[in-house]
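Inside the fold
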Amino acid sequence: MTLSPHLEAKFAKLLTSYPPGRQRSAMIPMLMFAQDELGQVTQELVEEVARRIGCTPLQVEEVLTYYSMLHKKPLGKYHVQICTNISCMLTGGAELWEHASGKLRIGHREVAADGFFSLEEVECIGACSWAPAIQVNYDFHHHVTPEKLDRLLAGLRSANAV
Amino acid sequence: MLYNEPSPHEVKVLTRRFGLADSASIKTYLKTDGYVAFEKALKMKPEEIIEEVKVSNLRGRGGAGFPTGLKWSFVPKTSPKPKYIVVNADESEPGTCKDRLLIENDPHQLIEGMLIAALSVDAHAGYIYIRGEYRYLIDIMDKAIAEAYEHGYLGRNLLGSAFHFDAFTHTGAGAYECGEESALLESLEGKRGVPRIRPPFPAVVGAFQSPTILNNVETFCAAPAILRDGGAAFAALGVPKAGGTKLTCLSGHLNKPGVYELPLGFPVKKMIEEVGGGIRNGKKLKAFVPGGSSCPVLTAAECEGLTMDYDALAKVKSMLGSGGVVVMDEDTCIVKVALRVMRFYAHESCGWCIPCREGTAWLRKLLQRFHDGHGQRSDIVLIGDLAKNMLGRTFCPLGDAAAMPTISFVEKFRDEFEAHLDGRPCPYEPANRLAAHLVAQ
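Thresholds, definitions, all that
- Along each chain, numbering runs from 1 in the same order as the chain's sequence is written.
- Working convention: letters from A go to chains and numbers from 1 go to ligands, in the order in which they are written.
- Side-chain atom pairs in this predicted model are given and counted only at pLDDT of 80 or more, local residue features only at pLDDT of at least 70, and totals for whole chains, interfaces and linings cover all residues.
- For the side-chain quantities, the full set of heavy atoms in the structure was used; hydrogens and water were omitted.
- The contact criterion used is simple: two residues touch if any of their non-hydrogen atoms lie within 4.5 Å.
- Two parts lose some accessible area (1.4 Å probe) when they are put together, and adding that loss for both gives the buried area.
- A side-chain nitrogen of Lys or Arg and a carboxyl oxygen of Asp or Glu constitute a salt bridge if their distance falls within 4 Å.
- Think of a polar contact as two N or O atoms within 3.5 Å of one another; within protein, one of them needs to be a possible hydrogen donor and the other a possible acceptor, and neighboring residues in sequence only count if both atoms come from side chains.
- Secondary structure elements are defined from DSSP: runs of H or I of at least 4 residues count as helices, runs of E of at least 2 residues count as strands, and each element is numbered from the N terminus.
- Residues are grouped as follows: nonpolar covers Ala, Val, Leu, Ile, Met, Phe, Trp, Tyr, Cys and Pro; charged covers Asp, Glu, Lys and Arg; every other residue, Gly included, is treated as polar.
- In this analysis, axes come from line fits to C-alpha atoms, helices being fitted only over the stretch in contact, and the angle between any two N-to-C directions falls in the range 0 to 180 degrees.
- In this scheme the handedness of a crossing depends on how the near helix is turned from the far one: anticlockwise by less than a right angle means left-handed, clockwise means right-handed.
- Delimitation of the domains relies on an automatic or database domain assignment.
- Residue count minus one, scaled by 1.5 Å, sets the expected span of a helix.
- In summary, the pairing rule links any two rings of Phe, Tyr or Trp, Trp by its six-membered ring, whose centres are within 6.5 Å, and it sorts them by plane angle into stacked for under 30 degrees, edge-to-face for over 60 and tilted for everything else.
- Buried, partly exposed and exposed residues are distinguished by accessible area as a fraction of the type maximum, computed with a 1.4 Å probe on protein chains only: under 20%, between the cut-offs, and over 50%, respectively.
- A ring has a charge above it when a Lys NZ or an Arg CZ is no more than 6 Å from the ring centre and no more than 35 degrees off the ring normal.
- Strands are labelled as partners when DSSP assigns at least two bridges between them.

**Things to note about the interface of chain A and chain B**
In this assembly, 47 residues from chain A lie in contact with 69 residues from chain B. The three residues of chain A that bury the most area against chain B are Tyr66, Leu90 and Trp130 of chain A, which together make up 15% of that side's buried surface. Summed over the shared surface of chain A and chain B, the result is 4 salt bridges. When the shortest N-O distance is used, the salt bridge between Arg343 of chain B and Glu121 of chain A registers 3.3 Å. Summed over the shared surface of chain A and chain B, the number is 26 residue pairs in polar contact (both at pLDDT 80 or more). Among the elements of the structure, α2 (27–38), α4 (57–64), α5 (86–90), α6 (93–104) and β3 (117–122) of chain A are those that each provide at least two residues to the side of chain A that touches chain B. With 6 residues, α2 of chain A is the largest single contributor of residues to the side of chain A that touches chain B. Residue classes in the side of chain A that touches chain B are distributed as 25 nonpolar, 13 polar and 9 charged.

This is the structure:
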């Protein structure tokens, strides 16, 4: 499998980051960084990572199914993650979730037909003091209201319009 | 970056560089006493470093509150194995958002804390396990690590000594359970994040089967101040059995929610009313969680005379935990809160131990039924019984973390559970409506 030069560099660094014989430690970081570029964990990637760290593909498979951020199906170009855990719930996170779901017409872990947005109701993302909070891909947005969310989504749409 | 205004009640020790221009850079760090404590520690014997940390009365900031100096002293001196430093930056306890700020605003303070810990046990490598969602912190941390190598604070022959140390970031991939120390170590080794049986504790058998100091970000970040200004000065900031300050994350129904660095032993009422600006919309306080969603809830009446420290909160059968204070006003439905908290634990239970895996799922179903108005009077007792039967019956504290708040909700707010009986709709609806899809689950 051919990886981008950026990913090759990341993988090379990871393989030297752990004690000798402990290259398996690089598995989760490798999968995460590669998923960022590929959009999903493909079977080819599973085999490539397994080969590089000296595991079987099954061992990689076993690990990746445990972690909620690793996924074998592609998400939207913009993955909208809305926290509804306690601090966010108290400040309107559940209503924000409903609003987003209605607006994008997709539910939990669904991808819109055009592949632009996907949606997920997430557990605490570590922004409790600035709730309700969301993440779009890795970007945090604090004190989010339905109106602010609408503007954010519209902004992403127009920024990507050809 | 800072996401809320500071408070005049803060005592800034760990957050002293927050708000400075380019506060994450080594330039700013070195201009503000950066790596001075490490230089000092280099000239000290390992046992002197540990003694200084013991004197400081620093206790673990991740939730358990174990005395840090004592924990470091458990690392066997004579072990022929390499020793490791592991930083728990898997911050994911609901209500907690402080480690994020410490790394974002002052990553070198964390590196210096790791170096001090490393000197105390002769470790030569350290890993910072950062939760997957905090990707931007990996970039910040990697940049700081590169700067530290350039300036001779990481690598070989540090400051002309024989000491060498390497630091690495490591990303998680979305699992609350990996914030638990032994599950974190499994995850660091490229496995599913399930807990290990203890003893042996990580101090003896930790990362890569070797002796390991594993602490929370905030705990390591306290070390430079302790070595720089002395353990006694740090201890004096807090209360007799708990020294220093605590980054306290105020959230929920407050006028001024935010992360504030408060001395240990800070009065709860003052914290809610003055630091947090009081309950928003002029409402009254109903309840609050003092240290993340795993802690038993406290009522407004219990706030009287209460202070924010490990022992004071243990006396009222709760915990300081991670410092995530969640404040609920008089219009909050406690049954709904109990349900949301249990949905979280049921989702995050790793499934390794049956009492936790089955218990959280059953409790979620029971609480859902209750909140929907289909609960039976006997369910109130059943919820409490189920939760009590989970206590102490699991490899890691996640089972307890799910059970303890649940027991407190049922015991302290039984009237609210009863108000949902006999098919009556939630008295707090529709103002506090649960998302339709939650009800459908």
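**Concerning the packing of helix α1 (residues 5–15) of chain A against helix α3 (residues 43–53) of chain A**
All names here are of chain A. Viewed as axis vectors pointing N to C, α1 and α3 meet at an angle of 35°, and their least axial separation amounts to 11 Å. Relative to α3, α1 is oriented so that their crossing is right-handed. On the side of α1, the interface is formed by Glu8, Phe11 and Leu15, while α3 contributes Val49, Arg52 and Ile53.

**Observations concerning the domain arrangement of chain B**
Residues and elements named next belong to chain B. Looking at the assigned domains, one finds that chain B contains domain 1 (26–237), domain 2 (245–329) and domain 3 (334–440). The C-alpha-based centres of domain 2 and domain 3 are spaced at 22 Å. Contact with domain 2, which involves 12 residues of that partner, is made by 14 residues of domain 3. When the two sides are added together, the surface that domain 2 and domain 3 hide from each other amounts to roughly 970 Å², 65% of it contributed by carbon and sulfur. The tally of links from domain 2 across to domain 3 stands at 2 salt bridges. A salt bridge links Lys286 to Glu416, with the nearest nitrogen and oxygen atoms 2.5 Å apart. Summed over the shared surface of domain 2 and domain 3, the result is 7 residue pairs in polar contact (both at pLDDT 80 or more). Residue assignment for the side of domain 2 that touches domain 3 shows that the elements contributing at least two residues are β8 (285–289) and β9 (298–299). Among the residues making up the side of domain 2 that touches domain 3, the classes are represented as 7 nonpolar, 3 polar and 2 charged.

**Overview of helix α14 (residues 354–371) of chain B**
Over its 18 residues, α14 of chain B extends 25 Å from the first C-alpha to the last, a length consistent with the 26 Å expected when each residue adds 1.5 Å. Immediately downstream of α14 of chain B, the backbone of Gly373 of chain B shows phi near 90°, a positive value.

**Considerations on the domain arrangement of chain A**
By the assigned domains, chain A splits into domain 1 (5–64) and domain 2 (78–159). Here domain 1 of chain A and domain 2 of chain A have C-alpha centroids that lie 29 Å from each other.

**Concerning the packing of aromatic side chains**
In total, this model carries 21 aromatic pairs over all chains according to the counting rule given. For the pair Phe38 of chain B and Phe163 of chain B, a centre-to-centre distance of 6.4 Å together with 50° between the ring planes defines the contact as tilted. Here Phe38 of chain B is found in helix α2 (residues 36–42), whereas its partner Phe163 of chain B is found in the loop between α7 (135–150) and β3 (166–171), with 125 residues between them in sequence. Each of the two residues, Phe38 of chain B as well as Phe163 of chain B, counts as buried. With a centroid separation of 5.9 Å and 75° between ring planes, the pair formed by Tyr176 of chain B and Tyr345 of chain B is classed as edge-to-face. Taken together, the residues Tyr176 of chain B in the loop between β3 and α8 (181–188) and Tyr345 of chain B in helix α13 (residues 334–348) connect sequence positions 169 residues apart. Here Tyr176 of chain B and Tyr345 of chain B have matching classes, each one buried. Members of the aromatic cluster, each reached through a chain of ring pairs, are Tyr18 of chain A together with Tyr84, Tyr127, Phe168 and Phe208 of chain B. Here the basic side chain of Lys10 of chain A rests over the ring of Phe33 of chain A, its NZ or CZ set 4.1 Å away from the ring centre. Here the basic side chain of Arg100 of chain B rests over the ring of Phe140 of chain A, its NZ or CZ set 3.9 Å away from the ring centre.

**Some words on the pairing of strand β1 (residues 84–89) of chain B**
All names here are of chain B. Counting buried residues in β1 gives 6 out of 6 residues, a clear majority hidden from the surface. Alternating residues of β1 divide into Tyr84, Val86 and Asn88 and Ile85, Val87 and Ala89, and every residue in both groups is buried. Pairing of β1 with strand β2 (residues 125–130), which is carried by 6 bridges, proceeds in the parallel orientation. Looking at β2, one finds that Ile85 is bridged to Gly126. One ladder, built from 5 bridges, connects β1 with strand β4 (residues 212–216); its direction is parallel. Note that in β4 the partner of Asn88 across the bridge is Asn216.

**Some points on the sheet that holds β9 of chain B**
Residues and elements named next belong to chain B. The strand order across the open sheet formed by 5 strands is β6-β5-β11-β8-β9, and the pairing between neighbours is mixed. This sheet does not close on itself; its edge strands, each paired only once, are β6 (258–263) and β9. The sheet contact formed by β8 and strand β11 (residues 324–329) spans 4 bridges and is antiparallel. Each residue of the ladder has a partner; that of Val289, found in β11, is Val326.

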